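Overview (structure and organization)
The residues making up each chain are set out below.
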Amino acid sequence: MSNMMRDSQIMAQTKDENLGYMSDMALELAQMADDSGLATLAYLFRMAALEASTANSMLAEPDDLPQQMTSH
């Protein structure tokens, strides 16, 4: 059982690192787009960076998510 817990911790840490990398890369691309005068593209990269940086906090709080989706 402890192996499963260790594996899930490693997977969570890897996911955190990947999201951090994606956020950093998107911010770098946004800066490059700004420098090139591509404001709309820079905005989209900043939104992608924001999404990546907030995805981790959303995944860390599963109790806030609805338990079941309905078709009503």
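Before reading further, recall that the structure is shown in the block above.
Before going into details, it helps to say that this report is about the structure given with it. Note that residues are indexed from 1 along each chain, following the sequence as it is written. Selection of residues for local features in this predicted model requires a pLDDT of at least 70, selection of side-chain atom pairs for listing and counting requires 80 or more, and totals for whole chains, interfaces and linings are taken over all residues. Excluded from the side-chain calculation are hydrogens and water; included are all heavy atoms of the structure.

Some details on the overall build of the protein chain
Strands are runs of DSSP state E lasting at least 2 residues, helices are runs of H or I lasting at least 4, and numbering of each runs from the N terminus. Looking only at helices and strands, one finds 2 helices and 0 strands in the protein chain. In this scheme, a residue with accessible area under 20% of its type's maximum is buried, one over 50% is exposed, and one in between is partly exposed, where area comes from a 1.4 Å probe on protein chains only. Looking at the protein chain as a whole, 12% of its 72 residues qualify as buried. For accessible areas, the Shrake-Rupley method is used with a probe of radius 1.4 Å. Any residue's cover is judged against the shown protein chains and nothing else. Accessible surface for the protein chain amounts to roughly 6,100 Å². Of this, 60% is attributable to carbon and sulfur atoms.

With respect to the side chain of Ser23
You can see Ser23 is positioned in helix α1 (residues 2–35). Using a relative accessible area of 10% as the deciding quantity, one classes Ser23 as buried. A polar contact is formed between the side chain of Ser23 and the backbone oxygen of Ala49, at a distance of 3.3 Å. In what follows, residue pairs with any heavy atoms lying within 4.5 Å of each other are defined as contacts. Excluding its chain neighbours within four sequence positions, the residues that come into contact with Ser23 are Ala49, Ala52 and Ser53. N or O atoms within 3.5 Å of each other form a polar contact, as long as, within protein, one can give a hydrogen and the other can take it, and as long as residues adjacent in sequence are counted only when both atoms are side-chain atoms.

Brief notes about the pattern of salt bridges
Any Lys or Arg side-chain nitrogen found within 4 Å of a carboxyl oxygen on Asp or Glu counts as a salt bridge. In total, this model carries 2 salt bridges according to the counting rule given. Among the ionic pairs, Arg6 bridges to Asp7, the shortest N-O distance being 4.0 Å. The exposure class assigned to Arg6 is partly exposed, which follows from its relative accessible area of 44%. Among the salt bridges present, the one from Asp34 reaches Arg46, with a minimum N-O distance of 2.4 Å. Residue Asp34 is located in helix α1, and its partner Arg46 is located in helix α2 (residues 39–59); the two are separated by 12 residues in the primary sequence. Judged by its relative accessible area of 36%, Asp34 is partly exposed. Take Arg46: its relative accessible area is 33%, and that puts it in the partly exposed class.

A short note on a nonpolar patch on the surface
Nonpolar side chains (Val, Leu, Ile, Met, Phe, Trp, Tyr) within 5 Å and like charges within 9 Å form the patches, drawn only from residues with over 30% relative accessible area and no salt bridge. On the surface, a nonpolar cluster with roughly 560 Å² of combined accessible area is contributed by Leu38, Leu41, Tyr43, Leu44, Met47 and Leu50. Positionally, Tyr43 belongs in helix α2.

Focus on the environment of Ser8
Structurally, Ser8 is set in helix α1. A relative accessible area of 41% means that Ser8 is categorised as partly exposed. Only 2.9 Å separates the side chain of Ser8 from the backbone oxygen of Met5, close enough to count as a polar contact.

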